[in-house]
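Examination of the molecular architecture
What follows is the residue order along each chain.
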Amino acid sequence: MAVTNRDMANAVRALSMDAVEAAKSGHVGLPLGMADAATVLFRKFLKFDPTQPDWPDRDRFILSAGHGSMLIYSLLHLTGYKSVSRDDIRNFRQLGANTPGHPENFVTKGVETTTGPLGQGIATAVGMAMAERHLNARFGDDLVDHKTYVIVGDGCLMEGVSQEAITLAGHMKLDRLIVLWDDNSVTIDGNIDVADSTDQCARLEASGWITRKVDGHDEKDIEAALKWAQKQKQPVFLAIKTIIGYGAPKVAGTGKAHGGPYGPEEIAGIRENIDWPHAPFEIPDAIEKAWKKVGERGVEARKAWKERQMASPHKGEFNAAMAGRLPKNLSKAIIKHKKAVVEGGEKKATRQWSGAALEVITNLVPETVGGSADLTGSNNTRTSSTTAMTPSDWAGRYVHYGVREHGMAAAMNGMALHGGIIPYSGTFLVFADYSRAAIRLGALMGARVVHVMTHDSIGLGEDGPTHQPVEQVASLRAMPNMRVFRPADGVETAECWEVALSNAEGPATMALTRQGLAPSRKEHTDENLSALGGYVISPSGVKSRESAVLIATGSEVEIALQAQADLAKEKIHVRVVSMPCMELFAEQDEKYQRDTLGGDLPKVAVEAGVRFGWDRWLGPKGAFVGMDGFGASAPYQKLYEHFGITADKVAEAVKNLI
């Protein structure tokens, strides 16, 4: 007897429910409900090759509703991905297995992005779809021509980030983006109408999408809808009507179907209802072979692509872009720029110096794609090399994200994960709180993204405490795998950009000033001192009589240097350490750290933010000059005086310590 779509979907259901039962935890409702639609998608539409999971021109499949992770693990296993073995399925949610509770791209090959925090998947997918269109414009159909498919649930669509992503995708006319909504009318608390009454199709249509309603348990209806979706000129939203927990005799279609385990009695009922008499984790040979053929379906397409790649005049450039390699002459260009900055001796805000560094970088690195959340003139993220990316000009390298900080951060994650793009984009530092969930996910995934965060302290002045970040730098420093750069002048800003771009294993935050700063680095050196994280920017001059160490970042380095000069007049000799990146300083060996920070000398740190995180470097007797509350509205000079972040206060702190 021929193997049917339903037979193959039931294999997905069986593996999913058996894994959740064995783990005694997990979410089986979505895999049971969406198995039919996902099977049609993988069997007849998705372009992929399990033997080459990183094939650049594969279709991207994102399970935005990441709690239903057994759906994707079952599909990867059945189609032949080596990353998910039968033992991994048996050991779902167990330490060391490639089947964690939510999909993690850094654990499981075939998982395109880490999902679980609802809404992140669809927002990240928008970035992937934008990356595909941009690289298609750059390299042509022969090398880049694929689609992005997403499965979302009600939770994804209720999260605010989904609105940012949906409207951005509609505005950009992302016709290679196809979203399948698991329209099961149920959330954990019960029927969807206890919490939401949105007409999702009307919502998507109002945002520039085209929609279609589909019977999620009718193979022909699903196939017809997906075939129709291939031809549309707008992003596509398919409302796939399903029964959550399909086949479960008691809980199907209820809030209890969302999570598991269901228990032996309910699982036995599912087996009976879907006509699956097989033992746990067993798949009949005929069904297993049918799934393996699905996995082999994309091999010829991948081989044909490889032939086109080898013959392409863009082969070298394409390979370099996808590998994320920086040009060899970038370092020399940064050195030349640094020398010009020193010779110019200008007083400028570091946001302006960032723009100047980006002029150099974007001219040499075509993979850089910038943007801003409606603050282009303030963030200084657009350069002469970056024209606007639009539906009529995908070759552009600058995205007008609008006031969508969260969606912007998630889209940049998607671009970075897609490959071929090094994204950066700007907003005010205080609005990092709007985008934090996506920033955190990028750090978890090791996505190479640069978050340009300007107006980094009370130094922004009159806009007041709503816009003045005091805890944001510390909170971002607390995030694992995040490098936070707070440069002091034009030289450090250029150096920090070079270091940020050179790290392909994680994101960076550039915390930049609104106010102008005097040059702190007045002598040129080819060496990138900021790469050390912290260094002596101004020695005491009399090491034998050195009394203390001042440590500062960003705009407060010039305050520390002034305090050093004032103290020297009183024959109190101190060194000044600039620490543009605590994370990089923490990576240096203990001897370098101790030598730089003057061993047991008393230490005073000065930063226009909260003290959190500084005591590691100050020791038990160190002092801190900074903020211990929110800011106020006034010219920034008055604010620094009002909050006591001045050279006089730094000098006073030194005297109190010695």
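Heads up: these notes are all about the structure in this document. Here the structure is a predicted model, which is why all the values come from computation and not from measurement.

When its secondary structure is counted, the chain shows 26 helices and 18 strands. The C-alpha radius of gyration computed for the chain amounts to 28 Å, which stays within 12% of the reference 26 Å derived for 658 residues, consistent with globular compactness. Taking all 658 residues of the chain together, 62% fall into the buried category. Sequence separation of 24 or more characterises 77% of the internal contacts of the chain that already satisfy a separation of 6 or more. If you sum the accessible surface of the chain, you get close to 24900 Å²; carbon and sulfur atoms cover 50% of it.

Another aspect to go through is the packing of aromatic side chains. We describe a pair of aromatic rings using the distance from one ring centre to the other and the angle between the two ring planes. Evaluation of the coordinates by the stated rule reveals 14 aromatic pairs. With 5.3 Å between their ring centres and 90 degrees between their planes, Phe139 and Phe318 make a pair best called edge-to-face. Note that Phe139 is positioned in helix H5 (residues 120-139) and Phe318 in helix H13 (residues 315-323), a separation of 179 residues in sequence. Here Phe139 falls in the buried class, since its relative accessible area comes to 6%. On the numbers, 6.5 Å between centres and 85 degrees between planes, the contact of Tyr636 with Tyr640 is edge-to-face. Of this pair, Tyr636 and Tyr640 both sit in helix H25 (residues 636-642), 4 residues apart, which is roughly one turn of the helix. Look at Tyr636 and you get partly exposed, because its relative accessible area is 25%.

The phi dihedral of Phe281 falls on the positive side, at around 70 degrees, and the residue is not glycine. Residue position: Phe281 is located in the loop between helix H10 (264-273) and helix H11 (285-296).

Turning our attention to the pairing of strand E16 (residues 573-578). In terms of residue burial, E16 counts as a mostly covered element, since 6 of its 6 residues are buried. Sheet analysis places strand E14 (residues 535-538) next to E16, joined by 3 bridges and oriented antiparallel. Looking across to E16, one finds that Tyr535 is bridged to Ser578. The pairing of strand E15 (residues 546-552) with E16 spans 6 bridges and is parallel. Residue pairing across strands places Val549 opposite Arg575, the latter belonging to E16. For the segment spanning E15, helix H21 (residues 557-569) and E16, crossover handedness is right-handed.

So, about the pattern of salt bridges. For side chains of opposite charge, pairing can occur when their charged atoms come near one another. Scanning all chains against the criterion turns up 34 salt bridges. Between Glu288 and Arg86 there is a salt bridge, with the nearest N and O atoms lying 2.6 Å from each other. Taken as a pair, Glu288 in helix H11 and Arg86 in helix H4 (residues 86-90) lie far apart in primary sequence, 202 residues in all. Between Arg521 and Glu495 there is a salt bridge, and its shortest N-O distance comes to 2.7 Å. Of this pair, Arg521 sits in the loop between strand E13 (508-511) and E14 while Glu495 sits in helix H20 (residues 490-502), and the two are 26 residues apart along the sequence. By the burial criterion, Arg521 is buried, and Glu495 matches it. Connected through shared salt-bridge partners, Asp456, Arg477, Arg486, Glu556 and Glu607 make up one network.

A volume near 770 Å³ is recorded for the largest pocket. Lining the largest pocket are 31 residues, and of these Asp54, Asn105, Ala416, Leu417 and Gly419 sit closest to its centre. At the level of secondary structure, the elements contributing two or more residues to the lining of the largest pocket comprise H13 and helix H17 (405-418). Of the residues in the lining of the largest pocket, the class split is 15 nonpolar, 8 polar and 8 charged.

Conventions adopted
Residues numbered from 1 in each chain as written. Predicted model: local features only at pLDDT ≥ 70, side-chain atom pairs only at ≥ 80, totals over all residues. Heavy atoms only, no water. Helix = DSSP H or I, 4+ residues; strand = E, 2+ residues; numbered from the N terminus. Rg over C-alpha atoms; globule rule 2.2 N^0.38 Å. Buried < 20%, exposed > 50% of the residue type's maximum accessible area, 1.4 Å probe, protein only. Contact = heavy atoms within 4.5 Å. Areas by Shrake-Rupley, 256 points an atom, 1.4 Å probe, with all protein chains shown as cover. Phe/Tyr/Trp six-rings, centres within 6.5 Å; stacked < 30°, edge-to-face > 60°. Pairing = 2+ DSSP bridges. Right-handed = clockwise from strand over helix to strand, strands pointing away. Salt bridge = Lys/Arg side-chain N within 4 Å of Asp/Glu carboxyl O. 1 Å grid on protein atoms, 1.4 Å probe; cavity = no way out; pocket = protein on both sides within 12 Å on 5 of 7 lines; lining within 4 Å. Points joined across faces, edges and corners; volume = space filled by probe spheres on them. Nonpolar A, V, L, I, M, F, W, Y, C, P; charged D, E, K, R; others polar.

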